[in-house]
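The primary structure of each chain is shown beneath.
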Amino acid sequence: MSSDESQNAASSERRDAVREKAQQVKARQSRARLIRRTSLIAVAVAFVAVIAVVVTWTVSSSASKPTMSPAKGVDGGFVVTDVTGAGVADDSSAGGLVEGEASTTPETEPTPTATPTDAPAVDIRVYVDYLSTGSREFQLANMKQLSQWVDDGAATLTYYPVAMLTAKSNGTKYSLRAAGAAACVAQHSPDYFFAFNDALLRQQPEVDSDGLSDAELADLAQATGLDGPKVVRACIEDQSYASWAKTATEQALKELPGTDGVALTGTPMVLVNGTQYVGKLGDPKEFAQFVLTVASDAYYKATPTPTPTPTAP
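Now for a look at the structure at hand. (Residues numbered from 1 in each chain as written. Predicted model: local features only at pLDDT ≥ 70, side-chain atom pairs only at ≥ 80, totals over all residues. Heavy atoms only, no water.)

### Details of the sheet that holds strand 1 (residues 78-79)
Okay, step 1: Taken in spatial order, the five strands make up an open sheet running 1-3-2-4-5, and their pairing is mixed. The sheet terminates laterally at strand 1 and strand 5 (275-276), the two strands that pair on one side only.
Okay, step 2: Bridge count for strand 2 (residues 122-128) against strand 4 (residues 269-272) is four bridges, and the pairing is antiparallel. Paired with tyrosine 127 across the two strands is methionine 269, which belongs to strand 4.
Okay, step 3: The strands touched by helix 2 (residues 133-152) within the sheet are strand 2, strand 3 (155-161) and strand 4, with strand 3 carrying the most contacts at an inclination of about 150 degrees. (Pairing = 2+ DSSP bridges. Helix = DSSP H or I, 4+ residues; strand = E, 2+ residues; numbered from the N terminus. Contact = heavy atoms within 4.5 Å. Axes fitted to C-alpha atoms, helices over the stretch in contact; angles between N-to-C directions.)

### Re the pattern of salt bridges
Okay, step 1: Overall, the coordinates contain seven salt bridges when judged by the stated rule.
Okay, step 2: The salt bridge partner of aspartate 208 is lysine 168, with a shortest N-O separation of 3.6 Å. One end of the pair, aspartate 208, is in the loop between helix 4 (193-202) and helix 5 (214-222); the other, lysine 168, is in the loop between strand 3 and helix 3 (174-188), and 40 residues separate them in sequence.
Okay, step 3: Assessed through its relative accessible area of 34%, lysine 168 is described here as partly exposed.
Okay, step 4: A salt bridge links arginine 177 to aspartate 214, with the shortest nitrogen-to-oxygen separation between them at 2.9 Å. Here arginine 177, found in helix 3, pairs with aspartate 214, found in helix 5; they are 37 residues apart in sequence, far enough to count as distant.
Okay, step 5: Take arginine 177: its relative accessible area is 10%, and that puts it in the buried class.
Okay, step 6: Within this structure, Asp219, Arg233 and Glu237 form a network of salt bridges that share partners. (Salt bridge = Lys/Arg side-chain N within 4 Å of Asp/Glu carboxyl O. Buried < 20%, exposed > 50% of the residue type's maximum accessible area, 1.4 Å probe, protein only.)

### What to know about the state of the cysteines
Working definition: the covalent bond between the sulfur atoms of two cysteines is a disulfide.
Okay, step 1: Summed over the entire model, instances satisfying the criterion amount to one disulfide.
Okay, step 2: The disulfide that involves cysteine 184 links it to cysteine 235, with 2.1 Å between the sulfurs. Disulfide cysteine 184-cysteine 235: torsion about the S-S bond near -75 degrees, hence left-handed. With cysteine 184 in helix 3 and cysteine 235 in helix 6 (residues 229-237), this residue pair connects regions lying 51 residues apart in the sequence.
Okay, step 3: Since its relative accessible area comes to 5%, cysteine 235 is described here as buried. (Disulfide = S-S within 2.5 Å.)

### Topic: the packing of aromatic side chains
Okay, step 1: Per the stated rule, a full pass over the model turns up nine aromatic pairs.
Okay, step 2: Between the aromatic rings of phenylalanine 78 and tryptophan 244, the centroid separation amounts to 5.6 Å while the plane-to-plane angle is 50 degrees, which identifies the pairing as tilted. On the criterion of sequence distance, the pair formed by phenylalanine 78 in strand 1 and tryptophan 244 in helix 7 (residues 242-254) is long-range, its members being 166 residues apart. Of the two residues, phenylalanine 78 and tryptophan 244, both sit in the buried class. (Phe/Tyr/Trp six-rings, centres within 6.5 Å; stacked < 30°, edge-to-face > 60°.)

### Brief notes about the environment of glutamine 148
Okay, step 1: Locating glutamine 148 in the fold gives a position in helix 2.
Okay, step 2: For the pair glutamine 148 and valine 83, spaced 65 residues apart in the sequence, the C-alpha separation amounts to 9.0 Å.

### Focus on a positive patch on the surface
Okay, step 1: Where like charges cluster on the molecular surface, the positive patch consists of Lys26, Arg33, Arg36 and Arg37.
Okay, step 2: By the element assignment, arginine 37 lies in helix 1 (residues 3-64).
Okay, step 3: Given the relative accessible area of 49%, arginine 37 is considered partly exposed. (Patch = residues over 30% accessible without salt bridge, like charges linked within 9 Å, V, L, I, M, F, W, Y side chains within 5 Å. Areas by Shrake-Rupley, 256 points an atom, 1.4 Å probe, with all protein chains shown as cover. Lys, Arg positive; Asp, Glu negative; His and termini not counted. Charge placed at Lys NZ, Arg CZ, Asp CG, Glu CD.)

Keep in mind these numbers describe shape, not what the thing actually does.
Rendered as structure tokens:
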């Protein structure tokens, strides 16, 4: 074989070797791309599966935990049935709905008379936010006489827990949780609702603080001596009525039940036979006078005017 033919043969072998090596590299690259694509698809499928599981769990959890409403609440409020556990004691500053209670007004003013036996019971409704300093002031000033009126049957007293100051507790939603806790006590141990309501206001945390934890709220409720402490604690710590409290607040901000378009504008809002009290929150005598005046009006409206007897000519 000539030298030219030998060189051509060698060149051909080199080209074949290079071509084969290039094909091998291309094959490896194709396999690598296929592996990466398959891995990405597997990861995407797994991610979608995880999302599906989370969504399914969330939906099923929501379905298994519907918004709970306390069965013993009426239009978002709880009627005080007993003042047990509130530490109520006789106090000369407590105004009574009794005839001749001159101490509730200055001597220069006439004192309206209304007795529990003669007049219909006065309807007192208190909208309360447990972080509201005004709500605390009203409760501390009037707790004793409110208790007395309930005991005497002279008034029906209803508290409406609302959560207007939910954003004023460093993100812990204290107002909302406290309102829900009050609903737990009203539902499971109603005779101690007044005592717990009073304790929440007396031990009110500072505005813009974290407030009490759910466990501390449960401890406060248990300290009143209530019935069924385990059930109440579970209700409070599970925030069973938090959603209810939010809904009740939203409704009150639109229109208060039993009123002609009156809406909640602040707390406390106190209605006596539907008439809003706008006097001093911390003055029990002024509030007692207001209640006596409303009670007197109700009494005179409920008492029929005697028909004159015609005289014989």
